[in-house]
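Each chain, letter by letter, is given below.
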Amino acid sequence: GPGACPPPGCVSEAAAAAEDSAARMKRIGSISEDSEFTFTPLVILELAKDAQEETIEWLVQKITGKKHQGGADLNIRPLPDQGKNPQTYLIGASWRRLLLGAESLGLLKEYQDGSIRVFTYHNKEDYKHFTNDDSDFLTMGEKQFIIKRELENLRAVNETMVPGHPRAKLYPGKSILRRLQTSRLLIQLYPLHDPAELKKLSFLWYRRVKISFQPLDEIQRYFGQSIALYFAFLEYFTFALFPMAVIGVPYYLFAWEDYDKYIVFATFNLVWSTIVLEVWKRRCARLSYKWGTLTMKKEFEEPRPGFHGPLGVNPATSRKEPTYPSYKRQLRVYLISVPFVCCSLYVCLIIMMTYFLMEELVSAYNEEAQSTFSSILMFVPSIVYALVIEIMNRIYRYAAEFLTSWENHRLESSFQNHLVLKVLVFNFVNCFASLFYIAFIIQDLKLLRQNLAALLITSQIINQFVEAWIPYWLQRRRKNIVKQRLSIKSKEKELPLTDQIALEGKMEPYLGTFDDYLELFQQFGYVSLFSCVFPLAAILAILNNVTEVFSDALKMCRVFKRPFSQPAADMGVWLLAFETMGVISVMTNCALIGISPQVKGFFNEGETGLVLLIVGIEHILLGLKFILAFAISDIPIDIRNKIAKLEFESLEALKQKQSKEADESLTKEQQQTEMMTK
């Protein structure tokens, strides 16, 4: 009845609901009150020493100004103890500002029902792990990425130049940050490390030797999705090599000189190279969905900082920006870049023929001398050639970057695609031309095995030293010099913020995953194309990749500046490069099977029938490869269902919103009509 007491369960549920409502109101109140904001430095901005005081004041006003006034609405403070003219500044943001930035960037977060949804500030309490502070909901990497985007979106309004520097011209819509970079007024902008989180990640990742998977979720939280996906692919590719190694080691032990039997290994190679990338696509999709980038909206690309040309108006944005005729770019590409690449490939072929001449001379000397020295000398041409290949790869990389920059591409994605294409074409010819020549022109399988072993082992040793150990040694030396200058004791566990910034400011910037993917691309080529004549290629690649995990982790945590988190849903253009190598491996392994003595024995009368048979089989296998790629969905069915459900709910919500707006509009019209009739 009315006077009866409600059951205890109802009381507890009502009390819990009241507490939850009060907590939500408290969260809303605390977020809207910037008076409770505690400044936390997230990004470091270092200006040039010759930056004028009025330049600094103008930039600070832009960074702290409100969004509707063309500012970034961020917080900036000079680093303490810099004297009268500070050059280094700390940048942070209030929790409310970071949440609004997360919404504008379309970051995806886990909802209360476990689904991954685009974050909206209005419904912030409906997301998992949301609190009234910034402890766990947004990672430090996400906060730094938001600040970077807000700084990049700072644009000139009515300014015609950077105050204090008349040569640094501005115009309405021009990115202020990019103008400061090109005018060399902005020395560096980098995210700050979190010593406590970095120490925890280092311990989980590389500081203890153990057989286990990498902490990919922790890597993603600290460094972002792009770098986490590289380490995920490195781990996946290493495990994918195990079947090749399991078959290759006994094959090496029991049939080392019996080249007639490599047809079995070549057949397995062919199947392996087809399946491994299809399985990776599904693994990549699952990780991307989990990390909230699979369905993330694509951002509108702005012109890259190096893009230059006469001032014009972008018809899409109506903003003023540099313009450059596409026909001029095409002329530069086809009249300069393409001939340069062709000349570089010609030089590769000349060096390759020089290597074969050295091989002939050394072989002739070995036949005459028949000594231990002459036997050892037989390996020298292959090792020298491998060293020359690595040196040429690195020289060409600088030339390719210069040429691609000179081509003046408007977008960063276009710049990267042209650079990757140039580098991959050269590296493929430079690294694999000699192997193709030995296999199909000379048809010397013993020399092919020797050349492949020398190239694989030498490239792995050089990459480990150049990419990890030398930078680590230089960074330790640089760190010790800075510590001595600042009188920092090496045993101090927690450095003061000023000393931490001084140390990180001297670190080299991390230039991205380009070189890391390129190394894996070459390794994939060595293993998938010709490993049937050198079965130990897979086990050597596994050993290299295990050390690569530790050395790459070391350089990420200790050698380079912390890179800005970069959202990514896949490997980008590199996936296409690996798939192209997979197609070439099908053709190569079919050709190797065709020249095997076992197969040739069935075609004693002539080779025409053999060639036709191998070409037919190769076409059938390529067809099966493409059918397999089409049949195996890139996105697992459960992930597709979750995405479809979210799309349906979004459409329903949009319909309800439109219906509500239509009802409100109709009600207003009816009220106005009634007022007029009265």
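Structure first, text after, so check above.
Conventions adopted
Residues numbered from 1 in each chain as written. Predicted model: local features only at pLDDT ≥ 70, side-chain atom pairs only at ≥ 80, totals over all residues. Heavy atoms only, no water. Phe/Tyr/Trp six-rings, centres within 6.5 Å; stacked < 30°, edge-to-face > 60°. Helix = DSSP H or I, 4+ residues; strand = E, 2+ residues; numbered from the N terminus. Buried < 20%, exposed > 50% of the residue type's maximum accessible area, 1.4 Å probe, protein only. Lys NZ or Arg CZ within 6 Å of the ring centre and 35° of its normal. 1 Å grid on protein atoms, 1.4 Å probe; cavity = no way out; pocket = protein on both sides within 12 Å on 5 of 7 lines; lining within 4 Å. Points joined across faces, edges and corners; volume = space filled by probe spheres on them. Nonpolar A, V, L, I, M, F, W, Y, C, P; charged D, E, K, R; others polar. Axes fitted to C-alpha atoms, helices over the stretch in contact; angles between N-to-C directions. Parallel < 35°, antiparallel > 145°, perpendicular 65-115°, else oblique. Left-handed = near helix turned anticlockwise from the far one by under 90°. Contact = heavy atoms within 4.5 Å. Pairing = 2+ DSSP bridges.

**Student:** What exactly am I supposed to notice about the packing of aromatic side chains here?
**Tutor:** To describe a pair of aromatic rings, one takes the distance between the centres and the angle between the planes. All told, the structure shown has 37 aromatic pairs when counted by the stated rule. Seen in terms of ring centroids, F428 and F432 are 5.2 Å apart; in terms of plane orientation they differ by 50°. Their pairing is tilted. Here the residue F428 and the residue F432 both occupy positions in helix α14 (residues 412-442), the gap between them amounting to four residues, near one helical turn. On the accessibility criterion, F432 (0% relative accessible area) is buried. Taking NZ or CZ as reference, K124 lies 3.8 Å from the ring centre of Y121, over its face.

**Student:** Would you mind showing me how to read empty space enclosed by the protein here?
**Tutor:** Over the atoms, a rolling probe the size of a water molecule traces out where space has been left empty. Considering all chains together, one arrives at four cavities of 30 Å³ or more under this definition. In this model, the largest cavity occupies a volume close to 160 Å³. Around the largest cavity, the lining comprises 16 residues; the ones closest to its centre are K174, S175, P303, E321 and P322. Tallied by class, the residues present in the lining of the largest cavity amount to five nonpolar, three polar and eight charged. Forming the walls of the second largest cavity are 15 residues, and the residues nearest its centre are L107, E142, Q225, W291 and P567. The biggest single contributor to the lining of the second largest cavity is helix α4 (residues 140-152), with three residues. The class makeup of the residues in the lining of the second largest cavity is six nonpolar, eight polar and one charged.

**Student:** For this particular structure, what's the right way to read the packing of helix α7 (residues 216-223) against helix α8 (residues 225-240)?
**Tutor:** Packed helices, taken two at a time, are described by the angle between their axes plus the distance between the axes. Put simply, α7 and α8 touch, their axes get as near as 7 Å, and they point 155° apart. Here α7 lies roughly antiparallel to α8, going by the angle between them. For the pair α7 and α8, the sense of crossing is right-handed. On α8, the residues that touch L216, I219, Q220 and F223 of α7 are Q225, I227, A228, F231, A232 and E235. Split by residue class, the contact of α7 with α8 holds seven nonpolar, two polar and one charged.

**Student:** Explain the sheet that holds strand β3 (residues 88-92) here, please?
**Tutor:** The pairing of strands in a sheet comes from backbone hydrogen bonds and takes either a parallel or an antiparallel form. With antiparallel pairing, the four strands of this open sheet are ordered in space as β2-β3-β1-β8. Among the strands making up the open sheet, the edge pair consists of β2 (75-78) and β8 (186-191). Geometrically, the sheet is characterised by an average inter-axis angle of 20° between neighbouring strands, direction not taken into account. Across five bridges, strand β1 (residues 43-47) lies against β8 in antiparallel orientation. Looking at the pairing, L45 lines up with L189 of β8. Lying on the sheet, helix α2 (residues 53-64) is in contact with β1, β2 and β3; it crosses β1 at an angle near 155°. Relative to the sheet, α4 contacts β1, β3 and β8, its axis offset from that of β3 by approximately 110°.

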